[in-house]
Amino acid sequence: MSVKVGLVEMHLRQVVASEGAAHLTLLDPASQTVQEAAEKAEAAMQGGTDAIMVGGSVGATGSVLEETVRAIKARVDLPVILFPSSAAGLCPGADGVFFMSLLNSRSSSYLIDNQALGAPLVLRYGLEPIPMGYVIVEPGGTVGWVGDARLIPRRKPEIAAAYALAGKFLGMRLVYLEAGSGADQPVPLPMVSAVKGVLGDSLLVVGGGIKSSQAASDLVKAGADLLVTGTAVERTADVASFVSGLTSAIKGSGGPGKVQRPP
Ligand code: 1GP
């Protein structure tokens with residue numbers, strides 16, 4: 001029996017189907033106060049973001065994580081999705097969790113062990129698990145180091161596509177191509193196209209180093225279904241305007257390969 005599509009994933013699929021792409025705002029509890037995270041989440045909602053992700057590679061755990069989720073839930077009427085770097089990145093109060101395996105990790109910790117430790121908590125907390133293959137591309141940043149990833153070379157789209165296809169065959173309905181938070185450049189466009197080419201109806205998430213509306217639009221045209229921005233949102237003073245520029249650039253900008261059907 002596979003994990004059923006739940007309300008959070010359905011919401012993301014509906015946005016992608018009707019608007020061509022969805023935008024996710026990532027907030028790291030370790031890099032701001034609880035209050036700041038809640039304010040940025042609200043501003044991102046006003047700018048048209050489709051869901052809030054909460055997580056980070058270092059220090060996004062425990063009471064800080066839980067308080068951040070609670071404060072965001074009190075301010076925004078959007079799904080809040082955990083983006084954990086280990087079982088310690090789980091907490092009650094969120095709507096769902098990207099239940100990821102870091103497919104190109106050398107360490108069983110990030111392939112399956114943390115997932116086994118976390119699965120009973122996902123059940124206990126009533127979180128919707130959204131099955132996702134996570135693939136880290138050069139430069140990879142902190143998450144590449146923490147996750148002991150064998151980084152996909154930027155000029156090797158076929159390797160990324162092979163990992164994505166393996167994830168799809170393993171039943172993961174989403175694949176996340178990650179360049180690393182704060183990367184100089186997002187994942188290369190030919191890699192995004194190659195991966196979407198093998199994924200078909202599975203959703204392609206792209207994140208890391210997306211700083212402009214133009215870059216976001218280019219990624220969606222190349223085949224990305226969901227875009228994640230963290231650093232750019234955290235660094236901008238006017239989050240609502242920044243997110244609004246990004247969402248208007250990506251909505252309806254999908255290329256011919258972007259027709260969505262249910263999984
Ligand atoms: C990191 O892909 C996300 O996991 C977001 O990256 O912080 O560069 O937006 P940025």
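Notes on the structure in this doc start here. (Residues numbered from 1 in each chain as written. Predicted model: local features only at pLDDT ≥ 70, side-chain atom pairs only at ≥ 80, totals over all residues. Heavy atoms only, no water.)

### With respect to the pattern of salt bridges
Rules: Salt bridge criterion: a side-chain nitrogen from Lys or Arg within 4 Å of a carboxyl oxygen from Asp or Glu. Counting from the N terminus, the helices are the DSSP runs of H or I reaching at least four residues and the strands are the DSSP runs of E reaching at least two. In this scheme, a residue with accessible area under 20% of its type's maximum is buried, one over 50% is exposed, and one in between is partly exposed, where area comes from a 1.4 Å probe on protein chains only.
In the structure shown here, the tally under the stated rule is nine salt bridges. Here Glu 9 ties to Arg 173 by a salt bridge, and the two come within 2.8 Å at their closest N and O atoms. One end of the pair, Glu 9, is in helix 1 (residues 7-19); the other, Arg 173, is in the loop between helix 6 (157-169) and strand 6 (174-178), with 164 residues separating them in the sequence. For the pair shown, Glu 9 and Arg 173 are each scored as buried. For Lys 196, the salt bridge goes to Asp 225, with nearest N and O atoms at 2.7 Å. Taken together, the residues Lys 196 in helix 7 (residues 189-199) and Asp 225 in the loop between helix 8 (213-222) and strand 8 (226-229) connect sequence positions 29 residues apart. Take Lys 196: its relative accessible area is 9%, and that puts it in the buried class. When its relative accessible area of 0% is taken as the criterion, Asp 225 is described as buried.

### A few points about the site of the ligand
For clarity, the threshold we go by: For this description, a residue counts as near a given molecule or strand if any of its non-hydrogen atoms is within 4 Å of it. Nitrogen and oxygen atoms within 3.5 Å of one another constitute a polar contact, given that in protein one can donate a hydrogen and the other can accept it, and given that sequence-neighbouring residues count only through two side-chain atoms. To measure how exposed things are, a 1.4 Å probe is used in the Shrake-Rupley method; for residues, cover is taken only from the protein chains shown. Classification convention: Asp, Glu, Lys, Arg as charged; Ala, Val, Leu, Ile, Met, Phe, Trp, Tyr, Cys, Pro as nonpolar; all other residues, Gly among them, as polar.
What surrounds the ligand is the set Leu 26, Phe 83, Tyr 176, Glu 178, Ser 181, Gly 182, Gly 207, Gly 208, Gly 209, Thr 229, Gly 230 and Thr 231. Note that an oxygen atom of the ligand is positioned 2.7 Å from one of the backbone N or O atoms of Gly 230. When the free accessible area of the ligand is taken as 300 Å², the share hidden by the protein chains comes to 96%. The residue makeup of the shell around the ligand, split by class, is three nonpolar, eight polar and one charged.

### So, the nonpolar core
Note the following rule: Here, the term nonpolar core denotes a set of buried Ala, Val, Leu, Ile, Met, Phe, Trp, Tyr and Cys residues that are joined through side-chain atoms within 4.5 Å.
Counting residues in each nonpolar core, the largest one holds 36 residues, and the members touching the most others are Leu 177, Val 187, Val 192, Val 206 and Leu 227. Of all the elements in the fold, those that place two or more residues in this core are helix 2 (34-46), helix 6, strand 6, helix 7, strand 7 (203-207), helix 8, helix 9 (231-235) and helix 10 (239-250). Ranked by the residues each element gives to this core, the list is headed by helix 10, at six residues. Core analysis: the next-biggest nonpolar cluster, separate from the first, contains 26 residues, Leu 102, Tyr 134, Leu 174 and Val 205 among them.

### Here's the deal with helix 8
Selection criterion: Here, two residues are considered to be in contact whenever any of their heavy atoms come within 4.5 Å of each other.
Looking at helix 8, one finds that the buried residues are Ala 215, Ala 216, Ser 217, Leu 219, Val 220 and Ala 222. Where the residues of helix 8 are buried, they touch helix 7, strand 7, strand 8 and helix 10. Just beyond helix 8, the residue with positive phi is Gly 223, at close to 135°.

### Section: helix 1
The criterion, for reference: The span one expects for a helix is its residue count, reduced by one, times 1.5 Å. By construction, the arc corresponds to the directions joining the helix axis to the C-beta atoms.
In a regular helix each residue adds 1.5 Å, so 13 residues correspond to 18 Å; helix 1 covers 18 Å between its end C-alpha atoms and thus fits that length. Taken as a whole, helix 1 has its buried residues at Val 8, Glu 9, Leu 12, Arg 13, Val 15 and Val 16. The buried residues of helix 1 occupy one face: seen down the axis, they fall within an arc of 160°. Exposed and oriented more than 90 degrees from the buried face of helix 1 are Leu 7, Gln 14, Ala 17 and Ser 18. Count one or two residues on from helix 1 and you reach Gly 20, which has phi positive near 90°.

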